[in-house]
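# Tertiary structure, described
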Amino acid sequence: MFDYQKLYANRTPADRPVFLCLDCEKETDDRAHRCPSCKGAIDVLYPLDRVEFGALDSNPNPLLRYKDVLPVAEEGHITWLGEGNTPCTDVPALARLLGVRSVYIKDETRNPTRSTKDRIASASLSRFKGLGVREFVMASTGNSSMAYANSMSLVRGFKLHIFVGEQFAYRLNYADHPQIDTHAVAGSFVGAGTIAQKFAEDNGYFWEGGFFNYARREGLKMSYIEAYQQMPSAPTHVFQAISSGMGLLGGYKGAVEMNRLGLLESTPSFVGVQEDSCAPMVSAWNAGRAAIAQEDIVENPEGLAHAIQRGDPTNTYPYLRAMALNTGGALVAARTHDMHMAKGLLKSLGFDACYAAAACLAGAMRMAQEGSLKEDSDLLVILTGAERPMLPTPTNILAVAS
């Protein structure tokens, strides 16, 4: 079971970033998403004694501010899309409601496409420039595709193929663009991902990688680093709604890096929240399983939080389980009535969160109700996205047989 603290303690590189498998710890090259030997996730460790960590006011561009802990080979490859620097607000009313010392809301809905996924697009395009990748394929339930589509309107020289399950096609909020081909696949997100990956292999295009694209996790890490710097002290708990869990994993890594640099006094407990109607990770966690079993899988996900309706997280659950175990965290199911209440509460406090984002607060509410949070707890709640207004949708959609 991987542990970022142990990895850095045993493998901190001396002079350059090192790319290695989180499972078997074998080193590999920076083009890989998964280990050639065991298929584990590839991650990157940085020479921390050479890191110059930027203060919040040192540069408005977060990719430049934190470039020493990002997988960007040269500064000239950095491709910033205007995201970041989102507020992290102390909300005493929520602290009183939950019976804890403080609750801070990191509002990622303030990013250009109203989602934290803008950070994915910036970090990944920066990585792709360094690798010489100019045409790539991805699958999405909506937010990631929106972020990447927005990037195509801002950055020339790339060609993007987006695959989506037909049931999620309504969530594609971008106009037709010559740099984008949109492909609709009968079935779910998981099925679309499988077909998208085969399409990439058959045509010699670069597979974007989803959760296994380490640049995604590193990009999302920046929202947490900002929040840790914005809070007066380290949070005791961090909550985020999860589908694959890549954002929360990035937050865990960022906390470890800051802790080892002496910039964060302790590593928080990380809590991943799923909606109770589609909570395969929570099912496996509650059963004490190290891997997703057939009885955990949700074949036809339904619920309020469409952005996190991943019924089969077989490939990613082991990493989220390790994170929760390593940090004293948990995987929690948000109840439907709590999600309605959380969304309304957030709205009344000035936060325009979608149901997926509100789920993380609903998860904190459940833990508080069950007595799992102490009075001296300091919570960091990541709002990952907002409801988007009526926006253009692609009309030139290519149907793909499943």
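To be clear, the structure that these remarks concern was listed above.
These lines cover the structure that appears in this document, whether it is placed above or below.

What counts and how
Think of each chain on its own: its residues are numbered from 1, step by step along the sequence as written. Note on the predicted model: pLDDT of at least 70 is required for a residue's local features to be given, and 80 or more for side-chain atom pairs to be given and counted; whole-chain, interface and lining totals, by contrast, use all residues. To obtain the side-chain values, all non-hydrogen atoms of the structure were used and water was disregarded. Put simply, DSSP marks the helices as runs of H or I at least four residues long and the strands as runs of E at least two long, and each gets a number from the N terminus on. The globule rule is 2.2 Å times the number of residues to the power 0.38, and the radius of gyration it is compared with is taken over C-alpha atoms. Relative accessibility decides the category of a residue: with a 1.4 Å probe and only protein chains considered, values under 20% of the type maximum give buried, values over 50% give exposed, and everything between is partly exposed. Contacts between residues were defined by any pair of non-hydrogen atoms, one from each residue, lying within 4.5 Å. Note that accessible areas follow from Shrake-Rupley with a 1.4 Å probe, and for residues the cover is restricted to the protein chains shown. Residues counted as positive are Lys and Arg, residues counted as negative are Asp and Glu, and His and the chain ends are not counted. By convention, the point assigned to a charge is CZ for Arg, NZ for Lys, CD for Glu and CG for Asp. Think of a polar contact as two N or O atoms within 3.5 Å of one another; within protein, one of them needs to be a possible hydrogen donor and the other a possible acceptor, and neighboring residues in sequence only count if both atoms come from side chains. Here, any two strands with at least 2 DSSP bridges between them count as paired. A clockwise path from the first strand over the helix to the second, with the strands pointing away from the viewer, defines a right-handed crossover. Axis definition: a line fitted to C-alpha atoms, limited for helices to the stretch in contact. Angles are taken between N-to-C directions and run from 0 to 180 degrees. Any angle between 65 and 115 degrees counts as roughly perpendicular, while under 35 counts as roughly parallel, over 145 as roughly antiparallel, and the rest as oblique. For any pair of crossing helices, the crossing counts as left-handed if the nearer helix is rotated counterclockwise from the farther one by less than a right angle, and right-handed if it is rotated clockwise. Here the nonpolar group is Ala, Val, Leu, Ile, Met, Phe, Trp, Tyr, Cys and Pro; Asp, Glu, Lys and Arg are the charged ones; every other residue, Gly included, is treated as polar.

### Re the overall build of the chain
- Scanning the chain for helices and strands turns up 12 helices and 13 strands.
- A compact globule built from 402 residues should have a C-alpha radius of gyration of about 21 Å, and the chain, at 20 Å, falls within 12% of that.
- Overall size of the chain, expressed as C-alpha extent along the three principal axes, is 55 × 50 × 40 Å.
- Across the 402 residues of the chain, 59% fall into the buried class.
- Restricting to contacts in the chain with at least 6 residues of sequence separation, those with at least 24 account for 71%.
- Put simply, the chain shows about 15300 Å² of open surface, and 48% of that area lies on carbon and sulfur atoms.
- Distance from the positive charge centre (38 side chains) to the negative charge centre (44 side chains) of the chain: 1 Å.

### Observations regarding the side chain of S115
- Along the chain, the position of S115 falls in the loop between β4 (102-107) and α4 (118-131).
- At a separation of 3.0 Å, a polar atom in the side chain of S115 contacts the main-chain amide nitrogen of K117.
- Filtering out sequence-adjacent residues up to four positions away, S115 remains in contact with E108, N143, T384 and G385.

### Some details on the pairing of strand β10 (residues 269-275)
- With 7 of 7 residues buried, β10 is to be regarded as a mostly interior element.
- Of the two faces of β10, the one lined by S269, V271, V273 and E275 and the one lined by F270, G272 and Q274 are each fully buried.
- Where strand β9 (residues 237-241) and β10 come together, 5 bridges link them in parallel fashion. Following the sheet pairing, H237 is matched in β10 by S269.
- Read from β9 through helix α8 (residues 246-260) to β10, the crossover connection turns out right-handed.
- One ladder, built from 5 bridges, connects β10 with strand β11 (residues 330-334); its direction is parallel. The residue of β11 that forms the bridge with G272 is L331.

### Considerations on unusual backbone geometry
- At E25, a residue that is not glycine, the phi angle is positive and equals roughly 65 degrees.
- When you line up the elements, E25 lands in the loop between β1 (18-21) and β2 (42-45).
- Residue E25 is classed as partly exposed on the basis of its relative accessible area, which comes to 34%.
- Positive phi, normally seen in glycine, also occurs at K39, with a value near 70 degrees.
- Among the secondary structure elements, K39 is positioned in the loop between β1 and β2.

### So, the packing of helix α1 (residues 4-11) against α8
- Contact geometry of α1 with α8 gives a least axis separation of 9 Å together with a crossing angle of 45 degrees. One way to sum up the angle between α1 and α8 is to call them oblique. Our pair here, α1 against α8, has a crossing hand that is right-handed. Contact with α1, carried on its side by Y4, Q5, Y8 and A9, involves L249, Y252, K253, V256, E257, N259 and R260 of α8 and no other residues of that element.
- Classifying every residue of the contact of α1 with α8 by side-chain character gives 6 nonpolar, 2 polar and 3 charged.

### Details of the sheet that holds β4
- On the basis of which strands lie adjacent, the open sheet formed by 6 strands has the order β3-β4-β12-β9-β10-β11 and mixed pairing. Strands with a single pairing partner mark the edges of an open sheet, and in this sheet they are β3 (88-90) and β11. Taking the axes of each pair of neighbouring strands and ignoring which way they run, one obtains an average angle of 25 degrees across the sheet.

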